[in-house]
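An overview of the molecular structure
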Amino acid sequence: MTRDFVHLRVHSEYSLSDGMVRIKPLIAHCLEQSIPAIAVTDRNNLFALIKFYNAAQGSGVKPIVASDVWVVGDHSNEEAAPLVLIARNDQGYRNLCELISRSYGEGQSMGVACLKRSWIEAQADGLIALSGGRDGDVGRALLAGNVDEARRRAERWQAIFPDAFYLELHRTGRDNEEDYNTLAVNLAIELELPVVATNDVRFLTREEFEAHEVRVCIHDSRTLDDPRRERRYSEEQYLKSASEMAEL
């Protein structure tokens, strides 16, 4: 039986620091793989939106408007953590635009545009949130062995996004993913939270992994053979087909 799979986390070249997916080849790839819809979730921006929307609409692929944002607490020392925000309707689109603009105008922290949780809570209408996987605030608490804190964070997001908060699962071969997935699924069962699988896509094909690493090195002012360089990505973070995702 043929299954559909919709990728809900894709960083394009407009993510600047860690993505190299070009828009027109992305849409062509979707058509080749019979992918019916796709989200571009660039880091803290919607720079690709007009080009993405026009290319997708013209081809028959449904464009999903979204962004991978960084979130900090309001009155705590919480480390900034990723959260994926997806517009489910026109109100969500408008709220997402306003939130991202506010992150640049009021939320700059050490050169990174961040959103305060209270800002998101005030403009959550029309938005869907994905937890950010092992790197999100829930995932970090789970991997630190602090299940109670992870539960508290998940319930907080659940309250902000009623019926629209998903624990995100990855299988890309990176450190601690399987441990996180097990803990996240257990938490999802306990809290009756839905889960969603993404491939945290950074490039179109497996063969582009090394070129992607070069791009990351340029951004981080590192070299490929630098032993101090953090290896944050894997060659599995390409736009996999529906059958590949179903097998995972």
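As a starting point, this report considers the structure included with it.

About the criteria used
Residues numbered from 1 in each chain as written. Predicted model: local features only at pLDDT ≥ 70, side-chain atom pairs only at ≥ 80, totals over all residues. Heavy atoms only, no water. Buried < 20%, exposed > 50% of the residue type's maximum accessible area, 1.4 Å probe, protein only. Helix = DSSP H or I, 4+ residues; strand = E, 2+ residues; numbered from the N terminus. Arc of directions from axis to C-beta. Contact = heavy atoms within 4.5 Å. 1 Å grid on protein atoms, 1.4 Å probe; cavity = no way out; pocket = protein on both sides within 12 Å on 5 of 7 lines; lining within 4 Å. Points joined across faces, edges and corners; volume = space filled by probe spheres on them.

If you check which residues of helix α2 (residues 49-59) are buried, you get Leu49, Phe52 and Ala56. All buried residues of α2 project into a common sector of 70 degrees when viewed along the axis, lining one side. Along α2, exposed side chains directed more than 90 degrees from the buried face belong to Ile50, Asn54 and Gly58. If you follow the buried residues of α2, they end up packed against α1 (23-32), β1 (37-40), β2 (62-72) and α3 (90-106). Downstream of α2 by a residue or two, Gly60 has a phi angle that is positive, lying close to 95 degrees.

Following the criterion strictly, the structure yields 1 cavity of 30 Å³ or more and no others. The computed volume of the largest cavity comes to approximately 60 Å³. Forming the boundary of the largest cavity are Val40, Asp42, Asn45, Leu46, Ala48, Leu49, Phe52, Ile64, Val65 and Ala66. Those elements that place two or more of their residues in the lining of the largest cavity are α2 and β2.

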